[in-house]
Every structure is written in C-alpha cells, then in structure tokens.
Amino acid sequence: MTLRREALVLLVLAALAPLLFFGAAPILQPAAYHDLADQRALLGIGHFWNVVSNLPFLVVGLMGLDLLRRKPEEAAAAWAALFGGTVLAAFGSAWYHSNPNDVTLIWDRLPIGIAFMGFFTALLVEHLEGPARDAARRLLAPLIVLSAAAIWWWSASGDLSLW
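What comes next is a walk through the structure. (Residues numbered from 1 in each chain as written. Predicted model: local features only at pLDDT ≥ 70, side-chain atom pairs only at ≥ 80, totals over all residues. Heavy atoms only, no water.)

## Regarding the pattern of salt bridges
Next up, step 1: The full count for this structure, using the stated rule, is six salt bridges.
Next up, step 2: One salt bridge connects Arg-70 with Asp-66, and the closest N-O pair in it is separated by 3.1 Å. One end of the pair, Arg-70, and the other, Asp-66, are both in helix α3 (residues 55–70), four residues apart, so they sit about a helical turn from each other.
Next up, step 3: We note a salt bridge from Lys-71 to Glu-73, for which the minimum N-O separation is 2.9 Å.
Next up, step 4: You can call Glu-73 partly exposed: its relative accessible area is 32%.
Next up, step 5: Within the structure, one salt-bridge network assembled from shared partners comprises Glu-74, Arg-133, Asp-134 and Arg-137. (Salt bridge = Lys/Arg side-chain N within 4 Å of Asp/Glu carboxyl O. Helix = DSSP H or I, 4+ residues; strand = E, 2+ residues; numbered from the N terminus. Buried < 20%, exposed > 50% of the residue type's maximum accessible area, 1.4 Å probe, protein only.)

## Overview of the nonpolar core
Next up, step 1: Residues Leu-68, Ala-75, Ala-78, Trp-79, Leu-82, Phe-83, Ala-115, Ala-122, Val-125 and Ala-136 constitute the largest nonpolar core, which totals 10 residues.
Next up, step 2: Among the secondary structure elements, those contributing two or more residues to this core are α4 (76–98) and α5 (102–127).
Next up, step 3: Ranked by residues supplied to this core, first place goes to α4 with four residues.
Next up, step 4: Those residues in contact with Ala-122, other than ones at most four positions away along the chain, are Ala-75, Ala-78 and Trp-79.
Next up, step 5: Grouped together as the second largest cluster of nonpolar side chains are seven residues, Leu-36, Tyr-96, Ile-151 and Leu-160 included. (Core = buried A, V, L, I, M, F, W, Y, C linked by side-chain atoms within 4.5 Å. Contact = heavy atoms within 4.5 Å.)

## Here we look at the side chain of Ser-93
Next up, step 1: Position of Ser-93 among the secondary structure elements: in helix α4.
Next up, step 2: Sequence-distant contacts of Ser-93, that is, excluding residues within four places in its chain, are made with Asn-54 and Asp-108.

## What about the side chain of Thr-86?
Next up, step 1: For Thr-86, the position within the fold is in helix α4.
Next up, step 2: Classification of Thr-86 by relative accessible area gives buried; the value is 13%.
Next up, step 3: The residues touching Thr-86, leaving out its near neighbours within four places in the chain, are Phe-57, Gly-61 and Ala-115.

## Comments concerning the packing of α3 against α4
Next up, step 1: Taken N-terminus to C-terminus, the directions of α3 and α4 make an angle of 155°; their axes are 7 Å apart at the nearest point. In terms of orientation, α3 lies roughly antiparallel with respect to α4. Here the hand of the crossing between α3 and α4 comes out left-handed. Between α3, through Phe-57, Leu-58, Val-60, Gly-61, Leu-62, Gly-64, Leu-65 and Leu-68, and α4, the contact on the second element is made entirely by Ala-76, Trp-79, Ala-80, Phe-83, Gly-84, Thr-86, Val-87, Ala-90 and Phe-91.
Next up, step 2: Class assignment for the residues of the contact of α3 with α4 results in 13 nonpolar, four polar and no charged. (Axes fitted to C-alpha atoms, helices over the stretch in contact; angles between N-to-C directions. Parallel < 35°, antiparallel > 145°, perpendicular 65-115°, else oblique. Left-handed = near helix turned anticlockwise from the far one by under 90°. Nonpolar A, V, L, I, M, F, W, Y, C, P; charged D, E, K, R; others polar.)

Structure follows, in structure tokens:
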C-alpha cells in the first residue's frame, strides 16, 4: 500500500511540473550577474580569490572519490556523481570566475548539476527500500540529463526556471 501511495505522489508531482514551469513567468538572470565581488587580479589571475576559492571543492571531491574507492556504498554511482561533479565544479567554476561570462558559466553550472543530482539520488537510494530503491537507482542518469537540459534551456532562452 505504501508503494502505491509513493508512486501516486510521484505521478502527481511529475504531472504538475510542466504546469509550474510553463505557467510561471520566466526567471531571468540579473544583468549584473557576472560583476563578481572581487575584481582584483593577483599573480596574473583575474578575480584571484574567486578562482582560488575553488580549491576546497577539488580537495573534498578527491577525498570523497578516494573514500568511495576504499569503501563502496550501496549508492556508489550516485556518490561518485556527487564527488566527481564536485571535482569538475572546481575546474569549471575556476574557469568561470577567471573569465565571467555566459559561456564559461555553462561550464560552471554543468558539474554543479551533476553533483546535485548525484546527491539527490544518493539520498533516495539510501532512504528508500525495495522497488522504490531500485527505481531511485535508475534515476541518476535521467536526472543528470535533466540538469544539462535545464542549462541548455537557460543558454538558449535566458530563462532559469528549470535550473
């Protein structure tokens, strides 16, 4: 009985999602979005502190991947997406912050989307049981594709609603 209720809730939410997306006004990125707080260059690197602030993401991502390698988890693929996405975000975000514009922002947001979807999927896999857990495992790739599609939609339309 519980699985049917969970499936019904998911079905209703999935049915409402397009209504929420297409029924709301577009969410536009502010015009001053790329005006970063720290405009200074240091050691030949523009926006130096914004760029180097990504080093902790690299360290944490690598530590997480190493821990996962040594002690695999049931949601290993999802955790790998989280930590791998975090490593990639360190590079994508550093590139964006060194040269802030819409094109480099794509490469900042893509790995963030991978990491978030990995985290979301890992939570589902670790907290659901039985068939619901199996279904959650199969969500990782479609959710990552959805995240990438949201970034494409923003890039093509200027609308951040999906993101």
